[in-house]
Amino acid sequence: MAEGMTWSVTDGDKLTQAEIYGEVLSQLGDRYPDLVAITADLASSTKIGRFGKKFPDRFINVGIAENSMFGMAAGLAQAGLRPVVSTFAAFTALRSAEQVRTDICYQNLNVKIISTHAGISFGQAGSTHHCTEDLAVMRSFANMTVIVPADGIETGNAVAAAMEWPGPVYIRVGRGFEPPVNKTQDYGFAIGRAITMREGTDLAIIACGVGVLQAVRAAEILKAQGLSVRVINMHTVKPIDRDAIIEAVKDTRRIVTVEEHNVVGGLGSAVAEVIVESGRACAFRRLGVPDCYSIVGYPEDLYHHYRFDADGIVETVGELMRLEIEEDEDWEDEA
Amino acid sequence: MPLTREEIRGLTKKAWDIRRAIIETTFTCGGSHIGGSLSQTDVLVALYYRYLNIDPARPGWEDRDRFILSKGHGGIGWASVLGDRGYFDKALLKDFNKTGSPFGMHLDSLKVKGCDASTGSLGHGLAIAVGLAIGARLTGKGFRTYVMMGDGELCEGTIWEAAILAGHRKLDNLTAFVDRNGLMIDGPTEQITTLEPIDEKFKAFGWEALTIDGHDFAQIGEAIEQAQAVRGKPCVIICKTVKGKGVDLMENKAPWHYGGLNSDLRDQALASVDRHYRELLG
Ligand SMILES: Cc1ncc(C[n+]2csc(CCOP(=O)(O)OP(=O)(O)O)c2C)c(N)n1
């Protein structure tokens, strides 16, 4: 285990996000004797069951009853425990939104929520199992911290960091069959601090989750076309790293956001809020699911369909690069 | 009128076709909720080929009986029935789950003819059915509403909220089925959260409750006719079933809640179903 790290996995690049999550959580069980894990008949699907196998006395399967589960998590936290809850994102953020808000966030309780099958990662299941609204919903709950790891290794880092982070945390996990973007776990992950995956001065792509891999791929293609594109992994959507955004605006004046989420209310909206409030104009596009119920299909096909895969990003970057942006000497003073 | 021997034979043959179709589509689509699709099949066949007052040529006909698959993950089984019943070209099912197909694992009412509610998130269907049943009364329509729930699904609080209201409103135009196969995803229902006594729970909420063998067409038919005749309360039919019914390698096995089939497994599954029906039909 690397120094300072609380978890380790072998072959991390071959495991899905959820598999790494399950493994990391069961390792954290040794470190945190007050950690209790809860699920609603999705022990195997979310991989939280791995913790249950190791610590059966600290594992509760409530049956298919998400609303009660989140209420119960609040009660367990009030009893002094450290509940970790897992179900599919659609059931956390949509079905049980009120329990998460009122029972957990309103009372600022120490509950960590790790939701899997988020976005359109369970593509063939259709809209009842897609969740392209969770970032919008969770971000609007005061006290909530919202993290969207880019891959399995980052999921491990986020889960470990969440244990030491006060209050409720929502971690969004996909099904995660994509290749990882991080090779090792010690790249300096910290909640609330964006990671610059590539430097660049012509344009910046701000992405989270699977968007990061797509953005890195797009930046490589664009480099071959002579463009210098910055890629920022904005894994924490709330609290968002304002400095990283404003710096990117100042340096590039062209921003594209990429997320596996409705373009309404998620990362793109969060970044837009920061930019507009900074008073600095820039060219700006949000890529994601364009405010519709996503169609059925394999996730990679859907990323392409909605044009937030590498191809789609390249296309949008091309559009922004064709815009005339006035050089403004006094721009610094305007804000 | 009880089903005749000939009718039962016809329905049995239909169920054979549907089980074969579920296996074939599971093979082509890469994976499906096959266990629960096989357990619900006989009730769906009895409804769609004998009891529902429907016209597949007019899926939007206002007076049609309604059927809601509250355990929406049985979509592949439901679609197999709807296609065979003529709501759409069965050949479309070869694209089940594929990108851009109208058919995902959970059916979409805007895309699939004959599907009256987009289910898949458990615990929603009974409330929708209660709304339809109250709606039929308010609009003076005579249609009946049928809804099929999973047994694991009964954990959801919304089921019991809707059940209380249905009892309170004495909705005798509503019939609910519970596919009592004894399993949810993570294992046997009674090991995770005790559900029994299910019939007494519904009765306490003002329902009539019948318990039958959900693979026996004579019993299914009799129960549906009894439910139609009940006055002054809704009726639930608790169908004792086997998850994976008809496929030896899947029967009563929780991991077959969801799974894919390679060609070997498909052949084994088809052979098992064929054996089962040859015995049954003599
Ligand atoms: C609200 C909700 N929670 C969880 C799930 C995931 N899920 C799909 S099927 C299933 C188990 C259903 O068990 P049961 O109702 O007994 O159905 P069956 O055994 O007939 O397939 C679960 C938990 C879901 N679809 N909806």
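Residues numbered from 1 in each chain as written. Chains lettered and ligands numbered in written order. Predicted model: local features only at pLDDT ≥ 70, side-chain atom pairs only at ≥ 80, totals over all residues. Heavy atoms only, no water.

Novice: Break down the overall build of chain B for me, with residues and values.
Specialist: For chain B, the helix and strand inventory stands at nine helices and five strands. Starting at the N terminus and ending at the C terminus, chain B contains elements arranged as α-α-β-α-α-β-α-β-α-α-β-α-β-α. If you line up chain B on its principal axes, its C-alpha atoms span 50 × 45 × 40 Å. Counting every position in chain B, which comprises 282 residues, the buried fraction comes to 58%. (Helix = DSSP H or I, 4+ residues; strand = E, 2+ residues; numbered from the N terminus. Buried < 20%, exposed > 50% of the residue type's maximum accessible area, 1.4 Å probe, protein only.)

Novice: Tell me about empty space enclosed by the protein, and please be specific about residues and values.
Specialist: All names here are of chain A. Under the definition given, this model contains three cavities of 30 Å³ or more. Estimates place the volume of the largest cavity at around 90 Å³. Broken down by class, the residue content of the lining of the largest cavity amounts to seven nonpolar, three polar and two charged. Split by domain, the residues of the lining of the largest cavity number at least three in each of domain 1 (12–172) and domain 2 (195–319). For the second largest cavity, the calculated volume is near 60 Å³. (1 Å grid on protein atoms, 1.4 Å probe; cavity = no way out; pocket = protein on both sides within 12 Å on 5 of 7 lines; lining within 4 Å. Points joined across faces, edges and corners; volume = space filled by probe spheres on them. Nonpolar A, V, L, I, M, F, W, Y, C, P; charged D, E, K, R; others polar. Domains from an automatic or database assignment.)

Novice: Which residues make up helix H3 (residues 75–84) of chain B, and what values go with them?
Specialist: All names here are of chain B. Buried residues dominate H3, accounting for ten of its ten residues. Within the sequence span of H3, burial applies to Gly75, Ile76, Gly77, Trp78, Ala79, Ser80, Val81, Leu82, Gly83 and Asp84. Buried-residue contacts for H3 involve helix H1 (5–29), helix H2 (34–51) and strand S1 (66–69). Gly86, located one to two residues past H3, shows a positive phi value of around 95 degrees. (Contact = heavy atoms within 4.5 Å.)

Novice: Give me the lowdown on the side chain of His261 of chain A, citing residues and values where you can.
Specialist: Residue and element names in this part refer to chain A. Along the polypeptide, His261 turns up in strand S11 (residues 254–262). The exposure class of His261 is buried, given its relative accessible area of 0%. At a separation of 3.3 Å, a polar atom in the side chain of His261 contacts the main-chain amide nitrogen of Ala136. (Polar contact = N/O pair within 3.5 Å; in protein donor to acceptor, adjacent residues only side chain to side chain.)

Novice: I'd love a proper account of the pattern of salt bridges, names of residues and values included.
Specialist: Residues and elements named next belong to chain B. Applying the stated criterion across every chain, the model contains 36 salt bridges over all chains. Where Arg180 meets Asp151, a salt bridge forms, and the shortest distance between an N and an O atom there is 2.9 Å. A residue pair is termed long-range when its members are at least 10 positions apart, and Arg180 in strand S3 (residues 174–180) and Asp151 in the loop between strand S2 (145–150) and helix H5 (157–168) qualify at 29 residues. Arg180 gets classed as buried once you look at its relative accessible area, which sits at 10%. A salt bridge links Arg266 to Asp267; the nearest nitrogen and oxygen atoms lie 3.2 Å apart. Salt bridges sharing partners connect three or more residues here, namely Lys14, Asp17, Asp84 and Lys90. (Salt bridge = Lys/Arg side-chain N within 4 Å of Asp/Glu carboxyl O.)

Novice: I'd like a rundown of the packing of aromatic side chains, residues and numbers included.
Specialist: All names here are of chain B. Under the counting rule described, the total for this entry stands at 13 aromatic pairs over all chains. An angle of 75 degrees between the planes, with centres 5.7 Å apart, marks the rings of Tyr48 and Phe67 as edge-to-face. Highlighted residues: Tyr48 in helix H2 and Phe67 in strand S1, separated in sequence by 19 residues. Given a relative accessible area of 2%, Tyr48 falls into the buried group. Both rings, one in Phe202 and one in Trp207, keep their centres 5.1 Å apart while their planes meet at 65 degrees; by these two values the pair is edge-to-face. Across the pair, Trp207 and Phe202 agree in class, each one buried. Taken together, the ring pairs in this structure connect Trp160, Phe202, Phe205 and Trp207 into an aromatic cluster. Above the ring of Phe143, the side-chain terminus of Arg66 is found at 4.2 Å from the ring centroid. (Phe/Tyr/Trp six-rings, centres within 6.5 Å; stacked < 30°, edge-to-face > 60°. Lys NZ or Arg CZ within 6 Å of the ring centre and 35° of its normal.)

Novice: Explain unusual backbone geometry to me, using residue names and the numbers behind them.
Specialist: Geometrically, the link from Lys238 of chain A to Pro239 of chain A is a cis peptide bond, its omega value of -5 degrees lying close to zero. Locating Pro239 of chain A in the fold gives a position in the loop between strand S10 (236–238) and helix H10 (242–252). Cis geometry marks the peptide bond from Glu196 of chain B to Pro197 of chain B, where omega comes out at -5 degrees. You can see Pro197 of chain B is positioned in the loop between helix H6 (189–192) and helix H7 (198–204). Unlike most non-glycine residues, Asp41 of chain A shows phi in positive territory, near 60 degrees. Checked against the element boundaries, Asp41 of chain A lands in the loop between strand S1 (35–39) and helix H2 (43–46). Overall, Asp41 of chain A belongs to the buried group, its relative accessible area being 3%. For Lys47 of chain A, which is not glycine, the phi torsion reads 75 degrees and is therefore positive. For Lys47 of chain A, the location among the structural elements is in the loop between H2 and helix H3 (49–54).

Novice: Tell me about H5 of chain B, and name the residues and values.
Specialist: In an α-helix, one full turn covers 3.6 residues, which means residues spaced three or four apart are oriented alike. All names here are of chain B. In this model, H5 (twelve residues) spans 17 Å end to end at C-alpha, consistent with the 16 Å of a helix rising 1.5 Å per residue. Residues of H5 that are buried include every one of Ile159, Trp160, Ala162, Ala163, Ala166 and Gly167, and no others. The arc that holds every buried residue of H5, seen down its axis, measures 160 degrees, which confines them to one face. Opposite the buried face of H5, by more than 90 degrees, sit the exposed residues Glu161 and His168. Considering only its buried residues, H5 is in contact with helix H4 (125–138), S2, S3 and H7. (Expected span 1.5 Å × (residues − 1). Arc of directions from axis to C-beta.)

Novice: Tell me about the confidence of the model for chain B, and name the residues and values.
Specialist: All names here are of chain B. For chain B, the mean per-residue pLDDT works out to 98, and 100% of the residues sit at or above 70. Looking over chain B, one finds the lowest element-wise mean pLDDT in helix H9 (residues 263–281), namely 97, and the highest in S3, namely 99. In the predicted assembly, ipTM is 0.95 and pTM is 0.96. (pLDDT = per-residue confidence, 0-100.)

Novice: I'd like a description of the environment of Leu287 of chain A, backed by residues and values.
Specialist: Residue and element names in this part refer to chain A. If you trace the backbone, Leu287 turns up in strand S12 (residues 283–289). Accessibility expressed as a relative area gives 10% for Leu287, which makes it buried. Distance from Leu287 to Ile48, taken between C-alpha atoms, is 31 Å for residues 239 residues apart in sequence. In this view, Leu287 contacts Val256, Thr257, Val258, Glu259, Val263, Arg307, Phe308, Gly312, Ile313 and Thr316; residues no more than four positions away in its chain are not counted.

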